[in-house]
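Residues per chain, in single letters:
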Amino acid sequence: MYAPDAGEIHVDGRKVRIRHPHDAQALGISTIHQELNLAPDLSVAENIFLGREPMLSRALGVVDRRALMQRTRQILASLDLQVPPDAKVKDLGVAEQQMVEIAKALSLESRLIVMDEPTSALTSREIDRLFATIRELKRRGVAIVYISHRLDEVKALGDRATILRDGGLVSTVEVAETPIDELIRLMVGRDLKDKFPKANVEPGEEGLRVEHLTRTGVLHDVSFHVRRGEILGLAGLVGAKRTETARAIFGADPLDWGRILVHGTPVTIGSPRDAIRHRIALIPEDRKRQGILASMSVRENITLSSLPRFARAGVVDFGRERAHAREYATSLRVATPDLERQVVYLSGGNQQKVVIAKWLSTDADVFLFDEPTRGIDVGAKVEVYQLMNDLVRRGAAIVMISSELPEILGMSDRILVMRDGRIVGEFDRRDATEERILECALRGAPVPSPDLHGARA
Amino acid sequence: MITAAGVPSTSPRRIRWGQLGMPAVIVLMMVAFGSENPNFWSATNIANVSRQASTLALISIGQTFAILSAGIDLSVGSLLALVSVVCAQEMLRFGVVGGMVAGVLAGGLAGLVNGVLIAKARVPAFIATLGMLVAARGVALTLSGGLPIGGLPRAFLVVGAGYWGPFPIPTVIAAVAFAGAHLVLSRTVFGRYVYAMGSNEEAAVLSGINVVKHKILVYVASGLFAGVAGVVLTSRVVSGQPTLGETQELYSIAAVVIGGGKITGGVGGMGKTLMGVLVLAILSNGLNLIQVSSYVQNIVIGAIIVGAVYIDLARERRR
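Residues numbered from 1 in each chain as written. Chains lettered and ligands numbered in written order. Predicted model: local features only at pLDDT ≥ 70, side-chain atom pairs only at ≥ 80, totals over all residues.

**Regarding the overall build of chain B**
Helix and strand content of chain B: 12 helices and two strands. For chain B, the N- to C-terminal ordering of α and β elements is α-α-α-α-α-β-β-α-α-α-α-α-α-α. Counting only C-alpha atoms and orienting by the principal axes, one finds that chain B spans roughly 55 × 55 × 35 Å. Across the 319 residues that make up chain B, the buried fraction comes to 51%. Partitioning the contacts of chain B with sequence separation of at least 6, the portion at a separation of at least 24 is 78%. (Helix = DSSP H or I, 4+ residues; strand = E, 2+ residues; numbered from the N terminus. Buried ≥ 20, exposed ≤ 12 C-beta atoms within 10 Å, placed from the backbone. Contact = placed C-beta atoms within 7 Å.)

**Quick look at the overall build of chain A**
Scanning chain A for helices and strands turns up 16 helices and 21 strands. For chain A, with 457 residues in total, the buried portion stands at 37%. Summarising the internal contacts of chain A: among those between residues at least 6 apart in sequence, 67% fall at separations of at least 24.

**Quick look at unusual backbone geometry**
Glycine aside, negative phi is the norm for most residues, and most peptide bonds take the trans geometry. Of note, Lys 241 of chain A is a non-glycine position whose phi angle comes to about 75 degrees, a positive value. Structurally, Lys 241 of chain A is set in the loop between β12 (231-236) and α8 (242-250). Although it is not a glycine, Gln 291 of chain B sits at a positive phi angle of roughly 60 degrees. Looking at the element boundaries, Gln 291 of chain B is found in the loop between α11 (270-289) and α12 (294-318).

**Notes on the environment of Gly 223 of chain B**
All names here are of chain B. With respect to the secondary-structure elements, Gly 223 resides in helix α9 (residues 211-237). What makes Gly 223 buried here is the crowd of 30 C-beta atoms within 10 Å. In this structure the C-alpha to C-alpha distance between Gly 223 and Trp 41, which are 182 residues apart in sequence, comes to 34 Å. Contact partners of Gly 223, with chain neighbours within four places excluded, come to Leu 79, Gly 107, Gly 108, Leu 109, Ala 110, Gly 111, Leu 112 and Asn 114.

**Thoughts on the sheet that holds strand β7 (residues 143-147) of chain A**
Residues and elements named next belong to chain A. In spatial order, the strands read β3-β6-β7; together these three strands make up an open sheet with parallel pairing. Only two strands of the sheet have a single neighbouring strand rather than two, namely β3 (29-32) and β7. Here the average twist between neighbouring strands, direction ignored, is 15 degrees. Docked against the sheet, helix α4 (residues 94-107) engages β3 and β6 (112-116), running at close to 170 degrees with respect to β3. (Pairing = 2+ DSSP bridges. Axes fitted to C-alpha atoms, helices over the stretch in contact; angles between N-to-C directions.)

**Digging into the pairing of strand β9 (residues 168-174) of chain A**
Residue and element names in this part refer to chain A. For β9, the tally of buried residues reaches only zero of seven residues, placing the bulk of the element at the surface. Summarising the sheet, strand β8 (residues 160-165) and β9 pair through six bridges and their orientation is antiparallel. The partner of Ile 163 across the bridge, within β9, is Ser 171.

**A word on the interface of chain B and chain A**
Taken together, the contacts link 22 residues of chain B with 29 residues of chain A. Elements with a contribution of two residues or more to the side of chain B that touches chain A: α7 (189-199) and α8 (201-206) of chain B. The element contributing the most residues to the side of chain B that touches chain A is α7 of chain B, with six residues. Of the residues in the side of chain B that touches chain A, the class split is nine nonpolar, 10 polar and three charged. (Nonpolar A, V, L, I, M, F, W, Y, C, P; charged D, E, K, R; others polar.)

**Notes on the environment of Gln 342 of chain A**
All names here are of chain A. Among the structural elements, Gln 342 can be located in the loop between α12 (318-331) and α13 (348-360). We classify Gln 342 as partly exposed; it has 18 C-beta atoms within 10 Å. Measuring from C-alpha to C-alpha, the distance between Gln 342 and Leu 293 comes to 8.7 Å, with 49 residues separating the pair along the chain.

**Digging into the domain arrangement of chain A**
Here chain A is described as being made up of domain 1 (9-147) and domain 2 (206-443). Taken over C-alpha atoms, the centre of domain 1 of chain A sits 40 Å from the centre of domain 2 of chain A. (Domains from an automatic or database assignment.)

**Remarks on the sheet that holds strand β13 (residues 257-262) of chain A**
All names here are of chain A. The sheet built from four strands is open, its strands ordered β11-β10-β13-β14 with antiparallel pairing. On the outer flanks of this sheet lie β11 (219-227) and β14 (265-267), each paired with one strand and no other. The average angle at which neighbouring strand axes cross in this sheet is 20 degrees, direction not considered. Inspection of the sheet shows strand β10 (residues 206-215) paired to β13 by five bridges, in the antiparallel sense. Note on β13: the bridge partner recorded for Glu 211 is Arg 259.

**As for the nonpolar core**
In a soluble, globular protein the nonpolar side chains are often hidden away together inside. Counting residues in hydrophobic clusters, the biggest one holds 172 residues, and the most contacted among them are Phe 367, Leu 368, Ile 398 and Ile 437 of chain A. When residues in this core are grouped by element, the largest group, 20 residues, is from helix α3 (residues 76-120) of chain B. Not counting residues within four places of it along the chain, the set of residues in contact with Phe 367 of chain A comprises Ala 281, Ile 283, Trp 359, Leu 391, Ala 396 and Ile 398 of chain A. (Core = buried A, V, L, I, M, F, W, Y, C linked by C-beta atoms within 7 Å.)

**Details of α9 of chain B**
Since there are 3.6 residues in each turn of an α-helix, residues three or four apart along the chain are aligned in direction. An ideal rise of 1.5 Å per residue puts 39 Å on 27 residues; α9 of chain B measures up with 39 Å between its terminal C-alpha atoms. Where α9 of chain B terminates, the next one or two residues include Val 238 of chain B, which has phi positive at roughly 55 degrees. (Expected span 1.5 Å × (residues − 1).)

**Some points on the pairing of β11 of chain A**
Residue and element names in this part refer to chain A. Pairing of β10 with β11, which is carried by six bridges, proceeds in the antiparallel orientation. Bridge pairing in β11 links Leu 213 to Val 222. Where β10 hands over to β11, the hairpin turn is made up of three residues, of which Gly 217 adopts a positive phi near 80 degrees.

**Considerations on the packing of helix α10 (residues 248-259) of chain B against α11 of chain B**
All names here are of chain B. It is the contact of α10 with α11, at a shortest axis distance of 7 Å, that shows an interaxial angle of 115 degrees. Here the hand of the crossing between α10 and α11 comes out right-handed. Here Tyr 251, Ala 254, Ala 255, Val 256, Ile 258 and Gly 259 of α10 lie close against α11, whose contacting residues are Lys 272, Thr 273, Leu 274, Met 275, Gly 276, Val 277, Val 279 and Leu 280. Looking at side-chain class alone, the contact of α10 with α11 contains 10 nonpolar, three polar and one charged residues. (Left-handed = near helix turned anticlockwise from the far one by under 90°.)

**Let's talk about the confidence of the model for chain B**
Residue and element names in this part refer to chain B. When the pLDDT values of chain B are averaged, the result is 91; 93% of them are 70 or greater. Here residues 1-13 is modelled with pLDDT under 50, and outside its nearest four sequence neighbours on either side it reaches 24 contacts, counting other chains as well. Predicted as a complex, the structure gets a pTM of 0.79 and an ipTM equal to 0.88. (pLDDT = per-residue confidence, 0-100.)

**A word on α4 of chain A**
Residues and elements named next belong to chain A. Along its 14 residues, α4 runs 20 Å from first to last C-alpha, staying within 8% of the 20 Å computed at 1.5 Å per residue. Those residues of α4 that fall on the buried side of the exposure criterion are Gln 98, Met 99, Val 100, Glu 101, Ile 102, Ala 103, Lys 104, Ala 105 and Leu 106. Contact partners of the buried residues in α4: β3, α2 (44-48), α3 (65-78), β6 and α5 (124-139).

**Details of the packing of helix α2 (residues 43-68) of chain B against α10 of chain B**
Residues and elements named next belong to chain B. In the contact formed by α2 and α10, the axes pass within 8 Å of each other and the chain directions differ by 65 degrees. As the angle between them shows, α2 and α10 are arranged roughly perpendicular. Read as a crossing pair, α2 and α10 show a hand that is right-handed. When α2 is examined against α10, the residues Leu 56, Ile 59, Ser 60, Gln 63, Thr 64 and Ile 67 are found in contact with a partner set consisting of Gln 248, Tyr 251, Ser 252, Ile 253, Ala 255 and Val 256. Grouping the amino acids of the contact of α2 with α10 by side-chain chemistry returns seven nonpolar, five polar and no charged. (Parallel < 35°, antiparallel > 145°, perpendicular 65-115°, else oblique.)

**Considerations on the environment of Leu 280 of chain B**
Residues and elements named next belong to chain B. Mapped onto the elements of the fold, Leu 280 is located in helix α11. Placed 96 residues apart in sequence, Leu 280 and Val 184 show a C-alpha to C-alpha distance of 24 Å. Residue contacts for Leu 280: discarding those within four places in its chain leaves Leu 56, Tyr 251, Ala 254, Ala 255, Ile 258 and Ile 301.

**Section: the confidence of the model for chain A**
Taken residue by residue, chain A gives an average pLDDT of 86. The fraction at 70 or more is 94%. Contacts from residues 446-457 of chain A, a stretch scored under 50 in pLDDT, to residues over four places away or in other chains number 23 contacts.

Here's what the structure looks like:
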């Protein structure tokens with residue numbers, strides 16, 4: 001998928017060059033990605049043999065359907081998989097689709113299968129099934145690289161574990177001899193450097209409270225509050241549904257159940273427009289897709305959410321709009337040659353500042369920051385933290401989602417840990433450590449959910 | 001109004017050479033055609049060209065809104081026919097003004113249907129307006145029984161054939177419409193939201209823009225401009241015609257992209273579209289005057305559509 005700049009890969013003791021997924025395939029290496037790579041409208045058989053169909057006539061491109069079905073049946077049987085070869089992949093469950101991927105890897109006679117977070121979408125029964133298959137593959141002499149942040153899975157399956165952190169090798173250990181606590185310690189490792197200019201603000205009255213937020217299959221009875229002048233960190237692993245929580249509060253995703261209160265008043269939020277009216281802002285995680293309007297200028301991006309304010313009878317007063325954009329671009333130190341520069345030409349950090357400037361331009365005093373410093377350089381990060389400090393000093397309430405524990409520890413007053421759409425832990429700034437948060441995020445048992453009372457506001 | 005930089009820049013104004021490309025091409029074309037055939041510059045010819053181009057100009061305005069918002073309006077050609085039939089039939093009943101109003105409203109109504117299908121029912125714009133392309137033509141043929149509707153009041157003919165000073169009235173209507181649409185697009189909140197929807201719809205929604213409402217407005221506007229165009233065209237052909245406007249939607253799309261509008265939305269403008277309309281109009285007139293057959297003209301125009309977009313892309317890649 002990506003070509004390395006340096007380094008060597010050896011297969012069966014021989015040094016090889018892999019420049020393309022085809023090369024890997026030819027060497028007997030298959031990868032099963034977190035997001036499955038199947039063609040949903042094709043059948044199981046067609047997917048397994050995609051691009052390698054047995055042919056009746058190669059010249060005419062006529063597929064030998066009987067041979068295709070026959071060979072598919074053999075492979076499925078060897079995996080003990082009860083799926084008709086002509087079923088369409090989109091009609092299968094996620095677990096079965098994953099099995100189809102494994103069947104495909106087997107049909108390629110792969111001797112090494114890389115699995116990237118294969119259980120992220122599976123139920124526990126399906127996981128047992130997958131594990132049985134993996135053990136069977138192991139018995140047949142297939143090597144497996146199993147990528148996971150679920151340490152219980154690593155314990156259950158692994159012979160050896162290699163721990164990577166920030167793109168570097170930390171250690172390789174024998175799983176049987178290494179307790180989970182030790183694995184966590186290796187994963188965390190680094191010292192907390194003082195990169196976080198946390199401002200000390202005395203929290204005031206309640207800014208945002210959410211109660212029993214529930215969305216079937218996604219959020220399970222999520223309740224929390226954040227006070228003015230407070231930064232609430234939302235920690236958890238990828239897939240803990242923290243982004244979904246923020247989007248639900250912001251009206252970008254539907255809610256089946258739950259109540260949202262802003263400054264103590266219940267509010268109804270059915271769309272981002274409603275959220276903005278109730279002075280909530282969401283700085284989204286995916287800057288490119290959800291934050292910036294790449295082909296529009298810095299000025300137009302900054303004023304997008306507050307544009308009616310600079311308009312009279314629907315006509316924009318460019319003088320006032322420009323003055324406002326200039327003021328915010330200057331105070332946030334957006335590095336741009338001029339306000340008319342298209343945002344796409346700015347660096348990631350400056351794009352993020354433009355997005356934040358857009359939200360500062362609204363009346364918002366509840367801010368949901370979703371991975372606010374993802375993909376921006378260290379200098380810009382500190383500037384973003386300073387902006388958050390300014391906000392809490394002015395009495396804003398901030399919820400900060402972050403997958404970087406140092407950031408969570410460095411900037412939060414209080415920390416909530418989520419796992420599988422539930423809040424599974426809460427820490428005060430003073431007793432939080434990376435180890436404790438990570439352990440909670442990895443192993444945290446869901447809090448038993450109380451009866452759901454009260455109507456959705 | 002032709003300056004593409006409708007939005008004032010904060011830095012002192014520089015000459016943007018990149019934006020002079022299209023006007024330069026148009027001037028070159030005019031000089032070339034003029035030297036081949038002096039009639040090109042005659043007042044009569046210029047009046048005729050601008051009168052003929054007014055229909056394309058009007059529907060291209062609506063198309064610009066649609067394409068800028070990352071949509072498309074394939075129905076505008078058929079709407080010309082629908083509007084023409086409605087306009088003529090109602091005119092025979094309610095008089096000149098009644099007929100004209102009915103025609104424009106018929107366009108707007110069809111646009112509203114497009115808009116609701118696209119914004120509310122989330123039918124892709126290409127499909128929704130493709131359906132309207134077929135259906136509107138069907139309605140026009142049904143209402144008229146497939147026959148032209150004649151006997152329109154003489155007073156109506158001034159809309160298509162009259163002059164305002166030295167300028168043909170259709171030309172004046174198209175010019176005023178372009179100026180107005182340019183102001184709406186570059187100066188109003190609605191205009192900004194059109195660009196925002198086309199640039200990144202998801203981000204626009206998350207920024208609190210009412211995308212459903214503004215998308216509907218885009219297609220209503222496109223329908224209304226097709227309505228005006230249909231009324232003018234009806235006057236020019238002095239009858240309600242259910243067969244008007246075939247393939248005109250494709251030329252309106254061509255006008256937008258030749259001018260430099262991006263087919264995927266977010267980039268473009270009325271000034272740019274006007275350039276595209278002028279290129280198409282001058283080209284076909286000039287080729288006529290130097291006696292290039294209409295068959296060959298199609299080849300040239302086809303090549304220019306692709307060529308213009310290719311040059312745009314190549315320039316973007318070099319940046």
